[in-house]
Amino acid sequence: MQYKNFKDNISLSRLGMGAMRLPVVGEDQGNIDYDKAKEIIDYAYKNGINYYDTAYIYHNQKSEEFLGKALKEYPRESFYVADKFNLQAQPDCAKQFQEQLDRLQMEYIDFYLMHGIQDPWIEEFFNSGAIAYFDEKKKEGKIRNLGFSFHGSPDNLRRLLKAYQWDFVQIQLNYFDWYYGEARVLYEILEEAGIPIMVMEPVRGGRLASLTPEAEKVLKDAEPDASISSWALRWVMSRPQVQVVLSGMSNMEQIQDNVRTFSEKGELSDEEDALLKKAAEIFRPTVAVPCTACRYCCPECPQGLDIPKILALYNDIKMGEVWRASFANALPEGKRPEDCIGCGSCTSHCPQSIDVPSIMQEFAKMRESL
């Protein structure tokens, strides 16, 4: 297992164990299959993974309890636990934090995050008192490192960085979002600030573990025995500011492959990076709208819609992030997908000839159904 120094002689495994997609019995996400999940945790620990990530809401609020029990047999100082405060689930900071300590059966939490801050409710977060409360817990030693996970815009990321001296930040980072989303901008903001990055969704919820046959051929021709997901993980590993790459491993096959990747493989070479970008270019048209955000469409829109931003949200949803549909609510009234009048001026100015009105209509229907 590869490690990277964090600070204060803390050495973290480059691969982190995410406890959000553990095996379950039946359809109930709260009914964790203890034996199978414990086998995964034991394999992780015995193969050098020392960073374990959970949250108040994971597995219908059963993930913390499971993780605390599963790690109980190992020395507390031999691993690090990351947990998260969820404002929507329980706005009482003190009540939620104590409940988390009780579930984990631990006296302190190594890495504590404000969970999944998003643009639609960032003002609510700033007004919640959470930063001051958890800063006090850090001073008491109940929290060793304080950070946040983020699903928002670059502007709001900058606002958060000004609000507190954070120890680390967790963002969604993968090669697809780097090339076709805002991941690169978010990464560079944190890099400039010198803040260590914990990465979630390096394989985009599994979407980058299986590409189209044409895209996969590019990678298989170069390395026949490597899994497609290993390419995605190595790409993230290659970003210098990245500290830990989280993976929500739900079976033994996945964790064995990932441990092998982080034990035997290194960062991508320039040639391998170019191959992965080529595979992404082949894969992209099958799952997303090929908008390049050139904004040629915007000046001609009679409704004044931010078309690239709306198309980026649409792509996120089509790639499996259904919860992103709520982001459209943060757009100004009259500037949402359903406000498109279908005039087609955007398409006539689009270098990619994207049928924007049809996509806006589909997006509007998706929002209604979700």
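Residues numbered from 1 in each chain as written. Predicted model: local features only at pLDDT ≥ 70, side-chain atom pairs only at ≥ 80, totals over all residues. Heavy atoms only, no water.

Peer 1: Lay out the overall build of the chain with the relevant residues and their values.
Peer 2: Assigned secondary structure in the chain consists of 16 helices and 10 strands. Projected onto its principal axes, the C-alpha coordinates of the chain cover approximately 65 × 50 × 45 Å. Taking all 370 residues of the chain together, the buried fraction comes to 55%. Of the contacts formed within the chain by residues at least 6 apart in sequence, a portion of 74% connects residues at least 24 apart. In the form shown here, the chain has an accessible surface area of approximately 16,300 Å², with 46% of it arising from carbon and sulfur atoms. (Helix = DSSP H or I, 4+ residues; strand = E, 2+ residues; numbered from the N terminus. Buried < 20%, exposed > 50% of the residue type's maximum accessible area, 1.4 Å probe, protein only. Contact = heavy atoms within 4.5 Å. Areas by Shrake-Rupley, 256 points an atom, 1.4 Å probe, with all protein chains shown as cover.)

Peer 1: Lay out the environment of Asp28 in plain terms, naming residues and giving numbers.
Peer 2: Position of Asp28 relative to the elements: it lies in the loop between strand 3 (15-18) and helix 1 (34-46). Along the sequence, Asp28 and His59 sit 31 residues apart, while their C-alpha atoms lie 8.5 Å from each other. A polar side-chain atom of Asp28 sits 3.4 Å from a polar atom in the side chain of Asn60. (Polar contact = N/O pair within 3.5 Å; in protein donor to acceptor, adjacent residues only side chain to side chain.)

Peer 1: Could you give an account of the nonpolar core, with specific residues and numbers?
Peer 2: When a protein is soluble and globular, its nonpolar side chains tend to lie buried together. Within the largest apolar cluster, 87 residues are counted, with the highest numbers of intra-cluster contacts made by Met114, Phe134, Phe148 and Leu173. Beyond its immediate stretch of four places on either side in the chain, Met114 contacts Phe85, Phe125, Ala130, Phe134, Leu146, Gly147, Phe148, Ser149 and Trp166. (Core = buried A, V, L, I, M, F, W, Y, C linked by side-chain atoms within 4.5 Å.)

Peer 1: Explain the sheet that holds strand 8 (residues 168-172) residue by residue, including any values.
Peer 2: Taking strand neighbours around the barrel as the criterion, the eight strands line up as 3-4-5-6-7-8-9-10 in a closed arrangement whose pairing is parallel. For this sheet, the mean inter-axis angle between neighbouring strands, taken without regard to orientation, is 30°. Two elements, strand 6 (residues 109-117) and strand 7 (residues 143-150), share six bridges in a ladder whose sense is parallel. Counterpart to Leu113 in the pairing with strand 7 is Gly147. Here helix 12 (residues 252-264) sits on the sheet and contacts strand 3 and strand 10 (242-247); the angle it forms with strand 3, its principal contact strand, is near 160°. (Pairing = 2+ DSSP bridges. Axes fitted to C-alpha atoms, helices over the stretch in contact; angles between N-to-C directions.)

Peer 1: So, unusual backbone geometry: which residues are in play, and what are the values?
Peer 2: Phi angles above zero are rare outside glycine, and Asn9 is one such case at about 65°. Within the secondary structure, Asn9 is located in the loop between strand 1 (3-5) and strand 2 (11-13). By relative accessible area, Asn9 is classed as exposed at 75%. Despite not being glycine, Gln105 has its phi angle at roughly 60°, a positive value.

Peer 1: I'd like a description of the pairing of strand 9 (residues 197-200), backed by residues and values.
Peer 2: Here strand 9 shows two buried faces, one formed by Ile197 and Val199 and the other by Met198 and Met200. The pairing of strand 8 with strand 9 spans four bridges and is classified as parallel. By the bridge assignment for strand 9, Gln172 is matched with Met200.

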